[in-house]
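# Descriptive analysis of the structure
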Amino acid sequence: MNIIKTLTSQAIPGMIVAEDIYTKDHYLIIAKDTVLTDKIITRLKFYSITDFYIYCEDNLVKEETEYFENTFYTEIKKSESFRRFHIAYQNTLNDLKSSIEDLINNNNKVDTDKLFSDVSKIIYQCNTNIELFNMLHCMRQYDDTTYIHSLNVALICNIMGKWLDFSPEDLEVITISGLLHDLGKILIPEDIIKKPAKLTDEEFSVVKTHTLRGYRLLSEKDIDERIKNSALMHHERCDGSGYPNGLISHEIDPFAKLIAIADVYDAMTCARVYRGPLCPFEVINLFETEGYLKYDTKYILTFLEGIVQTYIHNNVRLNNKMEGEIVLINKFDLSRPVIMCGDQFIDLSKHRDLYIEALI
Ligand SMILES: [Fe+2]
């Protein structure tokens, strides 16, 4: 049987994995001969696996039925508030682009007040955090650029900062840290960043330098140290498995730890070629089961609880196609709340075979 390499970004449900897949720290995450599902692809993204081997296409298993039309997000996209959000988002994106280009090409100073007021214009379009999260989900495209990703991370960091009761000053700093965390990527050659195939080891080491390059660009600027540290440390992980310096928990700037969570959440929830954005409950489940070693426990718990709380009273569809309303959150099992389906209450923490498949 022929074996070919595929990028995780191009993987689709039904493909069959042709080799065991390990994390960088040699932990087996997907075994050979596994049939890919949407959940498994999300897991690969969670572990930053960029590519892997599959059996060639004629062996695609066609039984996957995880394609769905997401009426929840379709309705939001039609609303007037989404139209206004979209305009504010595009304007801020253009401003962000020219500020960053100025900073890189003309060595201009970083006007953090201007950057923050630009981001605030988007936030003001939304009355609640849930609205902001939902709007963000609707903005997703397959070809998210560094600028779009940075803006999303800044918005997610702003919400997290509020959940953590940050002071107005800290809230501004964490939002700017999110905006500028991937600054160094602008200096990486486009043919590497946008390469539609597997990166060689050499190319991947070039990509990794974006942390150091971003830090160097910011190091001489008169801005909060935490913004600089975030550019340098947002790929570090609490268990020491990150880069560039393999730091462990207490050595990593707390703001960089927050950005790490927003960064991965944004990467996992982005749209894929074969379906719309991912259901947030799948992401919550992954962080819950596998994220505690890599990410700061306090931040992860606040983040997951915050997201789950925003979805209480939302309607959802389960994997057995039953539909109902989220009525009770289980603090010890956040991705498995109690669902009211008609006059029946289903406690997902007690029905391990069931899970939330989509928001409806
Ligand atoms: Fe990055």
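Residues numbered from 1 in each chain as written. Predicted model: local features only at pLDDT ≥ 70, side-chain atom pairs only at ≥ 80, totals over all residues. Heavy atoms only, no water.

### Overview of the coordination of the iron ion
What counts, and what does not: Because no water is among the atoms considered, metal sites can look incomplete, with donors defined as N, O and S atoms within 2.8 Å of the metal, or 3.2 Å for Na, K and Ca. A four-donor site is classed as tetrahedral when every donor-metal-donor angle falls between 85 and 135 degrees; four donors are called square planar, and six octahedral, when trans pairs exceed 155 degrees and all remaining angles lie between 65 and 115, with any other arrangement labelled irregular. Helix and strand definitions follow DSSP, with helices as H or I runs of at least four residues and strands as E runs of at least two, each counted in order from the N terminus. Remark: exposure states derive from per-residue accessible area (1.4 Å probe, protein chains only) relative to the maximum for the residue type, with buried under 20%, exposed over 50%, and partly exposed in between.
The protein atoms that coordinate the iron ion are Asp182 (OD), His210 (NE2), His234 (NE2) and His235 (NE2), at distances of 2.2 to 2.3 Å. Note that the iron ion binds four donor atoms; their angles at the metal cover 82 to 172 degrees, and the shape is irregular. Between the donor residues of the iron ion, the gaps in sequence give the motif D-x27-H-x23-H-H. Residue Asp182 is located in the loop between helix H7 (168-180) and helix H8 (190-193), and its partner His234 is located in the loop between helix H11 (225-233) and helix H12 (254-269); the two are separated by 52 residues in the primary sequence. By relative accessible area, Asp182 is classed as buried at 2%.

### Notes on the confidence of the model for the chain
A low pLDDT means the predicted coordinates there should not be read in detail. Threshold: Per-residue confidence from the predictor is reported as pLDDT, which spans 0 to 100. The criterion used for residue contact is that any of the two residues' heavy atoms lie within 4.5 Å.
Across the chain, the average pLDDT comes to 85, with 91% of residues at 70 or higher. Per-element confidence in the chain is highest for H11, whose mean pLDDT is 97, and lowest for helix H2 (residues 71-78), whose mean pLDDT is 76. Long-range and interchain partners of residues 62-69, a stretch whose pLDDT sits below 50, account for twelve contacts in this model, where long-range means more than four residues apart.

### So, the packing of aromatic side chains
For the record, the criterion: Stacked, edge-to-face and tilted are the three classes for Phe, Tyr and Trp ring pairs, Trp counted by its six-membered ring, which pair at centre distances within 6.5 Å; planes under 30 degrees apart are stacked, over 60 edge-to-face, the rest tilted. In this analysis the charged atom, NZ for Lys or CZ for Arg, is taken to sit over a ring once it is within 6 Å of the ring centre and within 35 degrees of the ring normal.
One pass over the structure, following the stated rule, counts eleven aromatic pairs. Centroid distance Phe287 to Phe303: 6.4 Å. Interplanar angle 85 degrees. Geometry classified as edge-to-face. Of this pair, Phe287 sits in helix H13 (residues 280-290) while Phe303 sits in helix H14 (residues 297-310); the two residues are 16 residues apart in sequence, bridging distant segments of the chain. The two residues Phe287 and Phe303 agree in class, both being buried. Here the aromatic cluster, defined as three or more aromatic residues joined through ring pairs, consists of Phe46, Tyr47, Trp163, Tyr265, Phe287, Tyr295 and Phe303. The ring of Tyr243 carries the charged tip of Lys208 above its face, separated from the ring centre by 5.3 Å.

### Observations concerning the pattern of salt bridges
A side chain of one charge can pair with a side chain of the opposite charge if their charged atoms are brought near each other. The line we're drawing: Just to be clear on terms, a salt bridge is a Lys or Arg side-chain nitrogen sitting within 4 Å of an Asp or Glu carboxyl oxygen.
Under the defined criterion, the tally for this structure stands at 17 salt bridges. One salt bridge connects Glu80 with Arg83, and the closest N-O pair in it is separated by 3.0 Å. Placement of both Glu80 and Arg83 in helix H3 (residues 80-106) is noted, with a separation of three residues, approximately one turn of the helix. On the accessibility criterion, Glu80 (43% relative accessible area) is partly exposed. A relative accessible area of 44% means that Arg83 is categorised as partly exposed.

### Digging into the domain arrangement of the chain
The following threshold applies: Domains are outlined according to an automatic or database domain assignment.
Domain annotation of the chain identifies domain 1 (3-59), domain 2 (71-278) and domain 3 (311-359). The centre of domain 2, based on its C-alpha atoms, is set 31 Å off from the matching centre of domain 3.

### Regarding H3
For clarity, the threshold we go by: Multiplying 1.5 Å by the residue count of a helix minus one yields the expected span of that helix.
Its 27 residues place the ends of H3 39 Å apart at the C-alpha level, agreeing with the 39 Å of an ideal helix rising 1.5 Å per residue. Taken as a whole, H3 has its buried residues at Phe82, Phe85, Ala88, Tyr89, Thr92, Leu93, Leu96, Ile100 and Leu103. A positive backbone phi angle near 55 degrees is found at Asn107, which sits one or two residues after H3.

### Structural notes on unusual backbone geometry
Residues Tyr243 and Pro244 are joined by a peptide bond in cis, for which omega reads 10 degrees. Here Pro244 shows up in the loop between H11 and H12. Backbone geometry at Lys321 places phi at a positive 75 degrees, although glycine is not the residue there. Its place among the elements puts Lys321 in the loop between strand E5 (315-318) and strand E6 (323-328). Relative accessible area serves as the criterion here: at 46%, Lys321 is assigned to the partly exposed category.

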